[in-house]
Amino acid sequence: MRSYEARYYDGRSTAATPVVVELRPGEDGRVLLHVDGLDVPRAFAMSALRPHTRVGSSSRMVELPGAAWLEFGGGSPFDDVPEPTLTGGAGHLLAKLERRWSVAVAALAISVLAVWVTLASGVPALATRAAAIIPAAVDAQIGAGGLTLLDQRVFAASELPAARQGELRRAFDEMARDLAVQGPLRLEFRHGGEAGANAFALPAGIVVVTDELVQLAQHDDELRAVFAHEIGHVVNRHSMRMLLQNSTSALLMLVLVGDLNVAGSLVASIPTVLVHAAHSRDFEREADRYAREWMRSADIPIARLGDLLARLDAQEPRSGWSYLSTHPRTEERAQ
Ligand SMILES: [Zn+2]
């Protein structure tokens, strides 16, 4: 009589007991399934067992009366039993599907597509919604924390004369009034260092312009055009959306759990996400469109932005943090 090794689960705990299973004829001639290795040997009528179909190469599970189970890793007394007579429900269907390559390949394709769709559209959409529910106080915390971090790692204090700073600040504030920007908005000057001639929009409406960029401009309207572009990033919450898109875990905590303690992790990613990474093309187009509309309404030639970009382009050497790496190709935008 052949015996089989199996694991016995009593249905109350997850502990498995190794047992030996054998089929032996009972007194009335009917075959019984004997389980040896338990505290008390047990025997079951075959009609009382519910063997399940195997999915792929998984173990064979057999339901015993009560809540107990037998798990056969190798062979089992049920391997020759025709599939349709086995218990399965979903398991049965799964076993059938598993054996069909076409179904498996289609399932894989659907999974890949679902992941792609989620990454391509789901995450940005979720980030847009999440950015909208972040309270102003948390936004302010992330913006201020991010600037502090950039001051420690990248920027130095601005060397622009106070009078020049005041002049540009007045132009900036005038634009903010003109554009009727909701929420906070403030201009900061910094020496860019390795960030070079550059401009950044941080959360909480903080726009940073580097000394190098101011010095590169030959007309204040060129700087106004840059201000307008950065304000376009601010009004559309681009930096917060970028931060959230780049931190899926923070995004999910915020959207699913409403956990606002994500601020810390978002602050930490500001240097990488907002300075090193390229803005998405969609965000740049949106900010450019915003800038163009304002320039048109303020009678500033659209070419002013292109002029400054062309001068940036000609600058050598270009550091990895140049305006060009954080913003898309100049020719495309100058058009
Ligand atoms: Zn930009």
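Let us look at the structure shown here.

Focus: the overall build of the protein chain
Moving on, step 1. Along the backbone of the protein chain there are 14 helices and 11 strands.
Moving on, step 2. Looking at the 335 residues of the protein chain, the share that counts as buried comes to 41%.
Moving on, step 3. Within the protein chain, counting contacts between residues at least 6 apart in sequence, those at least 24 apart form 59% of the total.
Moving on, step 4. As displayed, the protein chain offers around 17,500 Å² of accessible surface, 55% of which is attributable to carbon and sulfur atoms.

Observations concerning the sheet that holds strand E1 (residues 3-9)
Moving on, step 1. Read from one edge of the open sheet, seven strands run E4-E3-E2-E1-E7-E6-E5, paired in antiparallel fashion. Strand pairing shows two members of the sheet lacking a second neighbour, strand E4 (42-45) and strand E5 (50-51), which therefore form its edges.

Re a nonpolar patch on the surface
Moving on, step 1. On the surface, Leu252, Met253, Leu256 and Val257 cluster together into a nonpolar patch covering about 380 Å² of accessible area.
Moving on, step 2. Examined against the element boundaries, Met253 turns out to sit in helix H8 (residues 248-257).

Here we look at the pattern of salt bridges
Moving on, step 1. For the structure shown, the criterion picks out 15 salt bridges.
Moving on, step 2. The salt bridge involving Arg7 is made with Glu71; its shortest N-O contact spans 3.3 Å. One end of the pair, Arg7, is in strand E1; the other, Glu71, is in strand E7 (residues 69-72), and 64 residues separate them in sequence.
Moving on, step 3. Residue Glu71 is classed as buried on the basis of its relative accessible area, which comes to 13%.
Moving on, step 4. A salt bridge links Glu167 to Arg164, with the nearest nitrogen and oxygen atoms 2.8 Å apart. With a gap of three residues between them, Glu167 and Arg164 both fall in helix H4 (residues 162-178), about one helical turn apart.
Moving on, step 5. Overall, the relative accessible area of 22% leaves Arg164 in the partly exposed class.
Moving on, step 6. One salt-bridge network, in which partners are shared between bridges, spans Asp151, Arg186, Glu188 and Arg190.

Section: the packing of H4 against helix H6 (residues 220-235)
Moving on, step 1. Axis separation between H4 and H6 bottoms out at 10 Å; the angle between their running directions is 50 degrees. Relative to H6, the element H4 is oriented oblique. Of the two possible hands of crossing, H4 and H6 adopt the one that is right-handed. Across the interface between the two elements, Arg164, Glu167, Leu168, Ala171, Phe172 and Met175 of H4 pack against Asp220, Leu223, Arg224, Phe227, Ala228 and Ile231 of H6.
Moving on, step 2. A breakdown of the residues in the contact of H4 with H6 according to their chemical character gives eight nonpolar, no polar and four charged.

Comments concerning the environment of Phe78
Moving on, step 1. Within the secondary structure, Phe78 sits in the loop between E7 and helix H1 (90-98).
Moving on, step 2. A relative accessible area of 4% means that Phe78 is categorised as buried.
Moving on, step 3. Measuring from C-alpha to C-alpha, the distance between Phe78 and Thr53 comes to 9.3 Å, with 25 residues separating the pair along the chain.
Moving on, step 4. Aside from chain neighbours lying at most four places away, what touches Phe78 is Leu33, Met46, Leu49, Pro51, Arg60, Val62 and Phe72.

So, helix H7 (residues 238-245)
Moving on, step 1. Within H7, seven of the eight residues are buried, which leaves it mostly tucked inside the rest of the structure.
Moving on, step 2. When we look at burial in H7, the residues that qualify are His238, Ser239, Met240, Arg241, Met242, Leu243 and Leu244.

Some remarks on the nonpolar core
Moving on, step 1. Within the largest apolar cluster, 34 residues are counted, with the highest numbers of intra-cluster contacts made by Leu185, Val209, Leu213 and Phe227.
Moving on, step 2. Contributions of two or more residues to this core are made by H4, strand E9 (186-191), strand E10 (199-202), strand E11 (206-210), helix H5 (211-216), H6, helix H11 (281-297) and helix H12 (303-314).
Moving on, step 3. Considering each element in turn, this core owes the most residues, seven residues, to H6.
Moving on, step 4. When near neighbours in sequence (up to four residues on either side) are disregarded, Leu213 contacts Ala197, Asn198, Ala199, Leu223, Val226, Leu308 and Leu312.

The rules we used
- Residues numbered from 1 in each chain as written.
- Predicted model: local features only at pLDDT ≥ 70, side-chain atom pairs only at ≥ 80, totals over all residues.
- Heavy atoms only, no water.
- Helix = DSSP H or I, 4+ residues; strand = E, 2+ residues; numbered from the N terminus.
- Buried < 20%, exposed > 50% of the residue type's maximum accessible area, 1.4 Å probe, protein only.
- Contact = heavy atoms within 4.5 Å.
- Areas by Shrake-Rupley, 256 points an atom, 1.4 Å probe, with all protein chains shown as cover.
- Pairing = 2+ DSSP bridges.
- Patch = residues over 30% accessible without salt bridge, like charges linked within 9 Å, V, L, I, M, F, W, Y side chains within 5 Å.
- Salt bridge = Lys/Arg side-chain N within 4 Å of Asp/Glu carboxyl O.
- Axes fitted to C-alpha atoms, helices over the stretch in contact; angles between N-to-C directions.
- Parallel < 35°, antiparallel > 145°, perpendicular 65-115°, else oblique.
- Left-handed = near helix turned anticlockwise from the far one by under 90°.
- Nonpolar A, V, L, I, M, F, W, Y, C, P; charged D, E, K, R; others polar.
- Core = buried A, V, L, I, M, F, W, Y, C linked by side-chain atoms within 4.5 Å.

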